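# Analysis of the macromolecular model
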Amino acid sequence: MLTILGVSNVSFGLQPHARAVLNSVFLYHAVKAGLDLAIVNPLHITPYTEIDAEQRQLAEDLIYNRDDALPRYIAYFEEHAPQKEDGKDKVDPTEGMNLAERIHWQILHRRKEGIEPLISEIIEERAREMGVAQGEAAVNVLNTVLLPAMKDVGDRFGAGELILPFVLQSAEVMKRAVAHLEGYLEKVEGYTKGKIVLATVFGDVHDIGKNLVNTILSNNGYTVYDLGKQVPLNTILDKAIEVNADAIGLSALLVSTSKQMPLCVKELYKRGLNFPVIVGGAAINRSYGRRILFVDEQTADATPVPYEHGVFYARDAFEGLEIIDRLTSSPEQRAAFIQRIKEEALKERLKKATGATGATTSQAGEDTPSASVQPALSIPRPPFWGPRVLERIGIEDVAPCMDLNTLFRLHWGGKTHGADFTRLVEMDFRPRLKRMLLEARQQRYLQPKVIYGYFPCQSSGNELIVYNPLGMQEPGGQLRAIARFHFPRQHERERLCLADYFAPVSSGEIDVVAFQVVTMGESVSEAVHQLQQAGDYAEAYFVHGLAVEMAEGLAEYTNRLIRQELGLDEQRGRRYSWGYPAIPDLEDHVKVFQLLPAKETIGVGLTEAFQLVPEQSTAAIVVHHQQATYFAVREQAAATV
Ligand code: B1M
């Protein structure tokens, strides 16, 4: 048999100068391996021996699929881009630039190597030119070179030109530059642009959002006092007073924990303190930020009492930066900014007050089942009753259950489109994922564990009554209620309620419900923390994102197992988590934990705000009814005061 090869397909998607090398090396090895005929433009082929040894090695690593070959290959050729004029020679892209421009270029292009000598050089140069001490020159470099470079990075991120992991890599260069620069700053006061006390609120264990904010602020010249997660209110206020902060930044992930934010504002007001508050997190929005600026009861007839020093909502870390920039600008600008937020908040409050007719109150006593829900087609029999623990779950079994689109786009910040996205995924994200899964297995920082179980149950109105599984195990066993879940019912549309999907007491039938609690374990939080501390911001972000999506993957894995054990097809066996629109109230986690001893078995506990610890954990109820669908029980969209 003869072989024919279209050589250049191997390098599709790479830069032209990188393609030329890869094609040439590939052709050389293909011929050695017995290739008979090649489709290739000979003008584009360089004889193997004439290729630079380093480039040859990189190409061979890629062809033979050695460790991280693709990112290394791309990085090398990005750095060694050909000069535009002749397209042949590889030149230093910063050639011809002055020192400030070179530093700016390195930060923007995420190049750490050699940043320190550049910083030393420019400080010495400025000290000479300005006739000042090196400490003063360093402050000048910080303000006129480093910070504008980071601002450029932020602006490009805002304009969609850069993805978040790139911003974090720029922050890593910045961190190195600033660390070096700090050596010159002895006793020079005032090189911080401002001080912010940052914390994830009490009861909340999530900190990726806060960490990103810390990274962006501290690498844009601010001193950040990061108090960590689950931080009590008093600790935050004490720190703000101690350091005389320019602002307090609060982060929370859930509606339940966001309620700490208005408590903080009210406490500041009560104590007559004057720190502006910046709030952010997934479950809140701009309108929430405006609402909690008021410290009165906010009833229809109450006179609005604003917290005079301002509450600001930040959609993301860059908006947080913008806000703190304004708060630390001139006193006039700051006052005008605070005034504006108060006016906006008042306008919104008055609009709401006039718009609110009070007509949407629910009719009480509505607990009759929805007419649209039919009895279940069948009641499946579970393979066992009560809880069961799964500890030896392979990462390779969970990984295929991840939603890669969510991983790449949401958790790894791949916000590009079309060919750009494809290139990013194929050249960076997929090889990265492969490497990270391997490392996670070797270093054991992802430790999937599950507790799930089947329980006899019946419904009564809006309630699901869960019985002791022992009653099913012993012939003639007594059914004793051990938990009652009260599910909310829609006031409109089909008036759906989760309880309707289970056999009612009046039917005389005993139904089955499954619960699951899954976790990726504690170690990953520690791994992320260490990376973050070491200034490996991008890697911390990638590891956190992977762990988060693996937690979702593990929930899906368990859900599939339950489906399989109950003999359900894909249309049945829907999974609902508390905190989502059909069952918004997180308090029921306590009942789930009574049924499934998650703390004792897989090490998952609950915070005071009913969050799950470790962070990468989820809890759910699985419903076998064929009509079970996702629906929303109308509540206020964001947290209420
Ligand atoms: Co879940 N989750 N989750 N979750 N999760 C949300 C938050 C939710 C909104 C989803 C939804 O309803 N559509 C919902 C909360 C709703 C509510 O409160 N009622 C929800 C729920 C209910 C839950 C569980 C309770 C479900 C359950 O098991 N019963 C459960 C709780 C877990 C626990 O307690 N440990 C749970 C679990 C999980 C996973 C483990 C699977 C995973 C991990 C979460 C994590 O570790 N981060 C997860 C995820 C990934 C999400 C979503 C999809 C994404 C959250 C995220 O990581 N965002 C989220 C829905 C969504 O947001 N689309 C959702 C990325 C992160 C960088 O953003 O933290 O918002 P964020 O920070 C941003 C900004 O907000 C801002 O800047 C940051 C960086 O740009 N910012 C600040 C934040 N703080 C700031 C402070 C500042 C300035 C800016 O001060 C200066």
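Scope of this entry: the structure provided in the associated data block. Counting restarts for each chain: residues are numbered from 1 in the order of the written sequence. The predicted nature of this model means local features are confined to residues of pLDDT at least 70 and side-chain atom pairs, given and counted, to a pLDDT of 80 or more, with totals for whole chains, interfaces and linings taken over all residues. The basis for every side-chain value is the complete set of non-hydrogen atoms in the structure, without hydrogens or water.

Put simply, a salt bridge is a Lys or Arg side-chain nitrogen that is within 4 Å of an Asp or Glu carboxyl oxygen. By the definition in use, this model includes 39 salt bridges. For Asp 61, the salt bridge is made with Arg 72, and the minimal N-O distance between the two is 3.1 Å. Taken together, the positions of Asp 61 in helix α2 (residues 53–63) and Arg 72 in helix α3 (residues 69–79) put the pair 11 residues apart, joining distant regions of the chain. A relative accessible area of 8% means that Asp 61 is categorised as buried. When a residue's accessible area, from a 1.4 Å probe over protein chains only, is under 20% of the maximum for its type it is buried; when over 50% it is exposed; and in between it is partly exposed. A relative accessible area of 34% places Arg 72 in the partly exposed class. Notably, a salt bridge pairs Arg 156 with Glu 161, separated by 3.5 Å at the nearest N-O pair. Of the residues examined, Arg 156 reaches a relative accessible area of 29% and is grouped as partly exposed. What makes Glu 161 exposed here is its relative accessible area of 53%. Helix and strand assignments come from DSSP, with helices taken as H or I runs of at least 4 residues and strands as E runs of at least 2, each series counted from the N terminus.

What follows covers the packing of helix α16 (residues 404–411) against helix α17 (residues 418–443). Contact pair α16 / α17: the axes reach a minimum separation of 12 Å and the direction vectors enclose 105 degrees. Put simply, α16 runs roughly perpendicular to α17. Where α16 approaches α17, its residues Leu 404, Asn 405, Leu 407, Phe 408 and Arg 409 are matched on the opposing element by Phe 421, Val 425, Phe 429, Arg 430 and Leu 433. All axes are obtained by fitting lines to C-alpha atoms, using only the stretch in contact for helices, and the reported angles, taken between N-to-C directions, cover 0 to 180 degrees. These descriptions rest on fixed angle ranges, namely under 35 degrees for roughly parallel, over 145 for roughly antiparallel, 65 to 115 for roughly perpendicular, and the rest for oblique. Should any heavy atoms of two residues lie within 4.5 Å, those residues are counted as being in contact.

Here we come to empty space enclosed by the protein. Here the term cavity refers to a set of points on a 1 Å grid, laid over the protein atoms alone, in which a 1.4 Å probe fits but cannot get out; the term pocket refers to an open set having protein on both sides within 12 Å along at least five of seven lines, with lining residues being those that place an atom within 4 Å of a point. Grid points are joined across faces, edges and corners, and a volume is the space filled by probe spheres set on the points. Enumeration according to the criterion identifies one cavity of 30 Å³ or more in this entry. Considering only enclosed or pocket space, the largest cavity measures out at about 30 Å³ in volume. Examining the composition of the lining of the largest cavity, we find that four residues originate from one element, helix α8 (residues 208–218), more than from any other.

The next point concerns the state of the cysteines. Linking two cysteines covalently through their sulfur atoms gives a disulfide. Criterion for a disulfide: a pair of cysteine sulfur atoms within 2.5 Å. If you walk through the whole model with that rule in mind, you get zero disulfides. Among the cysteines around Cys 457, which has no disulfide bond, Cys 497 carries the closest sulfur, lying 13 Å off.

Further remarks concern the nonpolar core. Only buried Ala, Val, Leu, Ile, Met, Phe, Trp, Tyr and Cys residues count toward a nonpolar core, and they belong to the same one when joined by side-chain atoms within 4.5 Å. In this structure, Leu 146, Leu 446, Leu 546 and Met 550 are the most contacted members of the largest nonpolar core, which totals 136 residues. Considering each element in turn, this core owes the most residues, 15 residues, to helix α20 (residues 537–566). Here Leu 446 is in contact with Ile 395, Ala 440, Met 520, Val 524, Leu 546, Ala 547 and Met 550, once residues within four sequence places are set aside. Of all hydrophobic cores here, the second largest spans 37 residues; its members include Ala 499, Val 517, Ile 602 and Val 604.

Attention now moves to the layout of surface pockets. Considered as a void within the structure, the second largest pocket measures approximately 1600 Å³ in volume. Around the second largest pocket, the lining comprises 43 residues; the ones closest to its centre are Glu 78, Arg 110, Phe 166, Gln 169 and Asp 428. Examining the composition of the lining of the second largest pocket, we find that eight residues originate from one element, α3, more than from any other. Only Asp, Glu, Lys and Arg are considered charged in this grouping, and only Ala, Val, Leu, Ile, Met, Phe, Trp, Tyr, Cys and Pro are considered nonpolar; every other residue, Gly among them, is considered polar. Across the lining of the second largest pocket, the residue classes tally to 18 nonpolar, seven polar and 18 charged.

Attention shifts here to the pairing of strand β4 (residues 222–226). Pairing analysis gives five bridges linking strand β3 (residues 194–200) to β4, with the strands arranged parallel. Bridge pairing in β4 links Leu 198 to Asp 226. With its strands directed away from the observer, a crossover is right-handed exactly when the path from the first strand over the helix to the second travels clockwise. Of the crossover connections in this fold, the one passing from β3 over α8 to the parallel β4 is right-handed. In this scheme, strands are said to pair when DSSP sees at least two bridges between them.

Residues are classed as near a molecule or strand on a simple rule: at least one heavy atom within 4 Å of it. In the vicinity of the ligand lie 39 residues, with Ser 251, Val 255, Trp 578, Leu 612 and Glu 615 positioned nearest. Identification of polar contacts relies on pairs of N or O atoms within 3.5 Å, with a donor-acceptor requirement for protein atoms, meaning one able to donate a hydrogen and the other able to accept it, and with residues adjacent in sequence counted only if both atoms are side-chain atoms. A distance of 2.7 Å is found between a nitrogen atom of the ligand and a side-chain nitrogen or oxygen belonging to Ser 251. Contact between the ligand and Ala 619: an oxygen atom at 2.8 Å from a main-chain N or O atom of the residue. Elements with a contribution of two residues or more to the shell around the ligand: α8, β5 (247–251), β6 (277–280), α16, α20 and β16 (617–623). Ranked by residue count, the leading element in the shell around the ligand is α8, at four residues.

Moving on: unusual backbone geometry. Omega for the peptide link from Val 613 to Pro 614 comes to 0 degrees, which places this bond in the cis form. Note that Pro 614 resides in the loop between β15 (612–613) and β16. Phi angles above zero are rare outside glycine, and Gln 298 is one such case at about 60 degrees. Position of Gln 298 among the secondary structure elements: in the loop between α12 (286–291) and β7 (311–313). By relative accessible area, which is 23% here, Gln 298 ends up partly exposed. One non-glycine residue, Arg 444, lies in positive phi territory at about 55 degrees. Mapped onto the secondary structure, Arg 444 falls in the loop between α17 and β9 (449–460).

We now examine a nonpolar patch on the surface. Patch membership requires more than 30% relative accessible area and the absence of a salt bridge. Residues of like charge join within 9 Å; the nonpolar side chains Val, Leu, Ile, Met, Phe, Trp and Tyr join within 5 Å. Note that accessible areas follow from Shrake-Rupley with a 1.4 Å probe, and for residues the cover is restricted to the protein chains shown. A surface patch of nonpolar side chains, about 310 Å² in accessible area, is lined by Ile 4, Leu 37 and Ile 39. Among the secondary structure elements, Leu 37 is positioned in strand β2 (residues 37–39). In this structure Leu 37 comes out as partly exposed when scored by relative accessible area, which is 47%.

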